[in-house]
Amino acid sequence: TGVSRQRRGGCLMHYRSLNEQTVLTFAALRRRHPGTSFPREWAGGEIDGISYAVIESTPAPDYDPLTEIVSEAAPEQVGGGWRQAWVVSGRALEEVREELHARRKAQRTAEEVAGFTYREHRVDSDRDSILRITQAAAVAMQALQAGGEHAVAWTCADGSELPLDAPGVIGLQQALAAHGAACHARSQALKAEIEAAETLTGLAAIDIEAGWPAVGE
């Protein structure tokens, strides 16, 4: 069948052939009866000895897109008319497991670059910031080994400046590493939860967004 262009109340209209117990879109109905002129919103009737009834559109039911699939079922007869019906079925367990792993990995990446807290300041941890911290720590280490003075004003996520000496810059890099390690640990814990789940209900109960290291304000 083709895609219907006839709408009622914003919904595409479908018809049930009462003789053949089949469902047709309005476009398919017109192709089937090319010699018939249809009004804008045809309410059904008989054409060439075939009786058609309008199928009342109904909204799809609520469902969990992670673990369930909603699809259209055969229309159901209600009173003297027909109504669109839906069926909700569970997705394959391994398919949901794979999707959760993909979400876990994406969440880990988002958390890693979301920033971390150092000396009560929020510090950026995007890829460019990681490179700057690494370079700054290398310079600070050289200054510390040489016994010279070293001081920087590190720009934080909110634009404020955090004064740091050489040990402070090295501590900043260590805090970044600890943040990365905490994100890795949470990701691994979620991985174990996902692998251990044996039912769709168990997988649905796993909160991918919870338990990550707090960034702070």
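What you see is a predicted model, and the numbers here were worked out from it, not measured in a lab.

Criteria and thresholds
Each chain carries its own residue numbering, running from 1 in the direction its sequence is written. At least 70 in pLDDT is required for a residue's local features to be given in this predicted model, at least 80 for side-chain atom pairs to be given and counted, and no such filter applies to totals for whole chains, interfaces and linings, which use all residues. The side-chain quantities take in all heavy atoms of the structure and omit both hydrogens and water. Only DSSP runs of H or I covering at least 4 residues are called helices, and only runs of E covering at least 2 are called strands; the numbering of each starts at the N terminus. Both definitions apply: the radius of gyration is a C-alpha atom measure, and the globule rule equals 2.2 Å times residues to the power 0.38. Relative accessibility thresholds used throughout: buried, under 20% of the residue-type maximum; exposed, over 50%; partly exposed, between the two (1.4 Å probe, protein chains only). In this analysis, two residues are considered to be in contact whenever any of their non-hydrogen atoms come within 4.5 Å of each other. Note that accessible areas follow from Shrake-Rupley with a 1.4 Å probe, and for residues the cover is restricted to the protein chains shown. Only four residue types enter the charge count: Lys and Arg as positive, Asp and Glu as negative, with His and the chain ends excluded. We put the charge of a Lys on NZ, of an Arg on CZ, of an Asp on CG and of a Glu on CD. Lines are fitted to the C-alpha atoms to define the axes, a helix being fitted only along its stretch in contact, and any angle between axes, read from their N-to-C directions, falls within 0 to 180 degrees. By convention the crossing between two helices is left-handed if the near helix lies anticlockwise of the far one by an angle smaller than a right angle, and right-handed if it lies clockwise. The classification used treats Ala, Val, Leu, Ile, Met, Phe, Trp, Tyr, Cys and Pro as nonpolar, Asp, Glu, Lys and Arg as charged, and all other residues, Gly among them, as polar. Two strands are said to pair when DSSP picks up at least two bridges between them. Whenever two N or O atoms come within 3.5 Å, that pair is a polar contact, provided that in protein one can donate a hydrogen and the other can accept it, and provided that, for residues adjacent in sequence, both atoms are side-chain atoms.

Caption draft 1: Region of the structure containing the overall build of the protein. Scanning the protein from N- to C-terminus turns up 5 helices and 12 strands. The C-alpha atoms of the protein give 31 Å as radius of gyration, which overshoots the globular expectation for 217 residues (17 Å, by more than 25%). Structurally, the protein occupies a C-alpha span of about 100 × 40 × 25 Å along its principal axes. By the burial criterion, 34% of the 217 residues in the protein qualify as buried. Pairs at least 24 residues apart make up 55% of the contacts formed inside the protein by residues separated by at least 6 positions. Accessible surface, the protein as shown: approximately 12,700 Å² in total, 51% of it carbon and sulfur. Between the averaged position of the 21 positive side-chain charges in the protein and that of its 30 negative side-chain charges there is a distance of 8 Å.

Caption draft 2: Region of the structure containing the packing of helix α3 (residues 127–146) against helix α4 (residues 166–196). Interaxial distance between α3 and α4 falls to 8 Å at its minimum, and their mutual angle equals 140°. Judged by the twist between their axes, the crossing of α3 over α4 is left-handed. On α4, the residues touching I130, I133, T134, A136, A137, A140, M141 and L144 of α3 are A166, P167, V169, I170, L172, Q173 and L176. In the contact of α3 with α4, the residues fall into 13 nonpolar, 2 polar and no charged.

Caption draft 3: Representation of the pairing of strand β5 (residues 44–47) in the model. Relative to strand β6 (residues 50–56), β5 is paired through 4 bridges, and the arrangement is antiparallel. Paired with G44 across the strands is A53, a residue of β6.

Caption draft 4: Focus on the side chain of H101. With respect to the helices and strands, the residue H101 is situated in helix α2 (residues 93–112). According to the relative accessible area criterion, H101 is buried, its value standing at 13%. At 2.6 Å, the side chain of H101 forms a polar contact with the side chain of E195.

Caption draft 5: Examining the environment of E56 more closely. Examined against the element boundaries, E56 turns out to sit in strand β6. Spatially, the C-alpha atoms of E56 and Q135 are 66 Å apart, while their sequence positions differ by 79 residues. In contact with E56, other than residues within four places in its own chain, are W82, R83 and Q84.

Everything listed is a geometric property; what it means functionally is a separate question.
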